[in-house]
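Letter by letter, the chains look like this.
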Amino acid sequence: AAGVIQSPRHLIKEKRETATLKCYPIPRHDTVYWYQQGPGQDPQFLISFYEKMQSDKGSIPDRFSAQQFSDYHSELNMSSLELGDSALYFCASSSKSGTSGETQYFGPGTRLLVL
Amino acid sequence: GIQVEQSPPDLILQEGANSTLRCNFSDSVNNLQWFHQNPWGQLINLFYIPSGTKQNGRLSATTVATERYSLLYISSSQTTDSGVYFCAVGSTDKLIFGTGTRLQVFP
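Residues numbered from 1 in each chain as written. Chains lettered and ligands numbered in written order. Predicted model: local features only at pLDDT ≥ 70, side-chain atom pairs only at ≥ 80, totals over all residues. Heavy atoms only, no water.

*Asks:* Got a minute to help me understand the overall build of chain B in this structure?
*Replies:* Looking only at helices and strands, one finds zero helices and 11 strands in chain B. Reading the secondary structure of chain B in the N-to-C direction produces β-β-β-β-β-β-β-β-β-β-β. Compactness check: chain B gives a C-alpha radius of gyration of 13 Å against a globular reference of 13 Å for 107 residues, within 12% of the reference. In terms of principal-axis extent, the alpha carbons of chain B reach across some 40 × 25 × 20 Å. Taking all 107 residues of chain B together, the buried fraction comes to 50%. Taking all contacts inside chain B whose residues are at least 6 apart in sequence as the whole, residues at least 24 apart take part in 54%. Approximately 5100 Å² of chain B is accessible, and the part contributed by carbon and sulfur atoms is 48%. One finds the centroid of the 6 positive side-chain charges in chain B at a distance of 3 Å from the centroid of its 7 negative side-chain charges. (Helix = DSSP H or I, 4+ residues; strand = E, 2+ residues; numbered from the N terminus. Rg over C-alpha atoms; globule rule 2.2 N^0.38 Å. Buried < 20%, exposed > 50% of the residue type's maximum accessible area, 1.4 Å probe, protein only. Contact = heavy atoms within 4.5 Å. Areas by Shrake-Rupley, 256 points an atom, 1.4 Å probe, with all protein chains shown as cover. Lys, Arg positive; Asp, Glu negative; His and termini not counted. Charge placed at Lys NZ, Arg CZ, Asp CG, Glu CD.)

*Asks:* I would appreciate a short explanation of the overall build of chain A in the present structure.
*Replies:* For chain A, the count of helices and strands is zero helices and 11 strands. The helix and strand sequence of chain A, counted from the amino end, reads β-β-β-β-β-β-β-β-β-β-β. Scaling as 2.2 N^0.38, a compact globule of 115 residues should have a C-alpha radius of gyration of about 13 Å, and chain A matches this with 14 Å. Principal-axis analysis of the C-alpha atoms gives chain A an extent of 45 × 25 × 20 Å.

*Asks:* Looking at this structure, how should I read the sheet that holds strand β3 (residues 19-24) of chain A?
*Replies:* By way of backbone hydrogen bonds, the strands of a sheet pair with one another, either parallel or antiparallel. Residue and element names in this part refer to chain A. If you walk across this open sheet you meet the four strands as β1-β3-β8-β7, and the pairing is antiparallel. Each edge of the open sheet is held by one strand with a lone partner, namely β1 (5-7) and β7 (64-68). Recorded for the sheet is a direction-independent mean angle of 15° between the axes of neighbouring strands. Both β7 and strand β8 (residues 74-78) contribute to a ladder of five bridges, which runs antiparallel. Directly across from Q67, in β8, lies its bridge partner E75. (Pairing = 2+ DSSP bridges. Axes fitted to C-alpha atoms, helices over the stretch in contact; angles between N-to-C directions.)

*Asks:* Got a minute to help me understand the interface of chain B and chain A in this structure?
*Replies:* Put simply, an interface is often sized by how much accessible area is lost when its parts join up. Taken together, the contact between chain B and chain A spans 18 residues of the former and 22 residues of the latter. Of the roughly 1500 Å² buried where chain B meets chain A, counting both sides, 52% is carbon and sulfur surface. On the surface where chain B and chain A come into contact, there are zero salt bridges. Our count for the contact surface shared by chain B and chain A stands at four residue pairs in polar contact (both at pLDDT 80 or more). At the level of elements, β4 (31-37) and β5 (43-48) of chain B are the ones that each hand at least two residues to the side of chain B that touches chain A. Looking at which element gives the most residues to the side of chain B that touches chain A, the answer is β4(B), with four residues. (Buried area = accessible area lost by both parts, 1.4 Å probe. Salt bridge = Lys/Arg side-chain N within 4 Å of Asp/Glu carboxyl O. Polar contact = N/O pair within 3.5 Å; in protein donor to acceptor, adjacent residues only side chain to side chain.)

*Asks:* Would you take a moment to explain the environment of A:R16 for this structure?
*Replies:* All names here are of chain A. Topologically, R16 is positioned in the loop between β2 (10-13) and β3. Overall, the relative accessible area of 66% leaves R16 in the exposed class. Here the alpha-carbon distance between R16 and S79, two residues 63 residues apart in the chain, equals 6.9 Å. Once residues within four sequence positions are removed from consideration, R16 is found in contact with S80 and L81.

*Asks:* Got a minute to help me understand the packing of aromatic side chains in this structure?
*Replies:* Two aromatic rings are characterised by how far apart their centres lie and by the angle between their planes. All told, the structure shown has nine aromatic pairs over all chains when counted by the stated rule. Relative to A:F45, the ring of A:Y35 lies with its centre 5.6 Å away and its plane at 70°, an arrangement referred to as edge-to-face. Placement of A:Y35 in strand β4 (residues 31-37) and of A:F45 in strand β5 (residues 44-50) is noted, with a sequence separation of 10 residues between them. Across the pair, exposure class does not vary: A:Y35 and A:F45 are buried alike. For the ring pair A:Y35 and A:F106, a centre distance of 5.2 Å and an interplane angle of 40° mean the geometry is tilted. You can see A:Y35 sitting in strand β4 and its partner A:F106 sitting in strand β10 (residues 105-106), a full 71 residues away along the chain. We note that A:Y35, like A:F106, is buried. Among the aromatic side chains, those forming a connected cluster through ring pairs are A:Y35, A:F45, A:F90, A:F106, B:F35, B:F86 and B:F97. (Phe/Tyr/Trp six-rings, centres within 6.5 Å; stacked < 30°, edge-to-face > 60°.)

*Asks:* What is the right way to read the environment of B:L72 from this model?
*Replies:* Residue and element names in this part refer to chain B. Note on placement: L72 falls in strand β8 (residues 69-74). Along the primary structure L72 and L32 are separated by 40 residues, whereas in three dimensions their C-alpha atoms are 12 Å apart. Among residues more than four places away in sequence, those in contact with L72 are S19, T20, L21, W34, L46, F47, S60, A61 and Y85.

Here's what the structure looks like:
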């Protein structure tokens, strides 16, 4: 079965640089979520989109922005990177009209290291 | 916001042993999922279980929504079960994760 695809899988950036993370949800899933997991911590919700509109927002820094495109893929844009942004970034997708409840399926994550 | 507590924080088992992981949450939820995060960081979905009982092989889970807790049972543990087990709950879109139970299974 198709899973959530994230790219790149690993990314190394310098402080103050920008980064763009991409997420391709499971086909026919209409909702995309972004989570950030710092070292030794649990994942924290950043932002979500339903049918290309922002549906919920968590503790996402103002330096970060995200959007969902017409083909349902999503991008997380991160600017003025700081050392503390080093983390594992997960994208998840779900279907509000599916038969599996609103199970969120997680991608493999993008590991970002800011030097 | 909703608080999620997991216990125990750490668990060390010998292969073949059984274990029970607990997740307590502070408010009504309409989503509860159990995940296994393997040593490579992948979050593997185990159960979507806002209420009731489910079983999948050696794993089973029970959620008692009225009492705001969920249990994950692992039977006949294997070394590949090692990793961190997260409970995550939601009442809106987002999932709120507990701090996890770190499981180590030794041969």
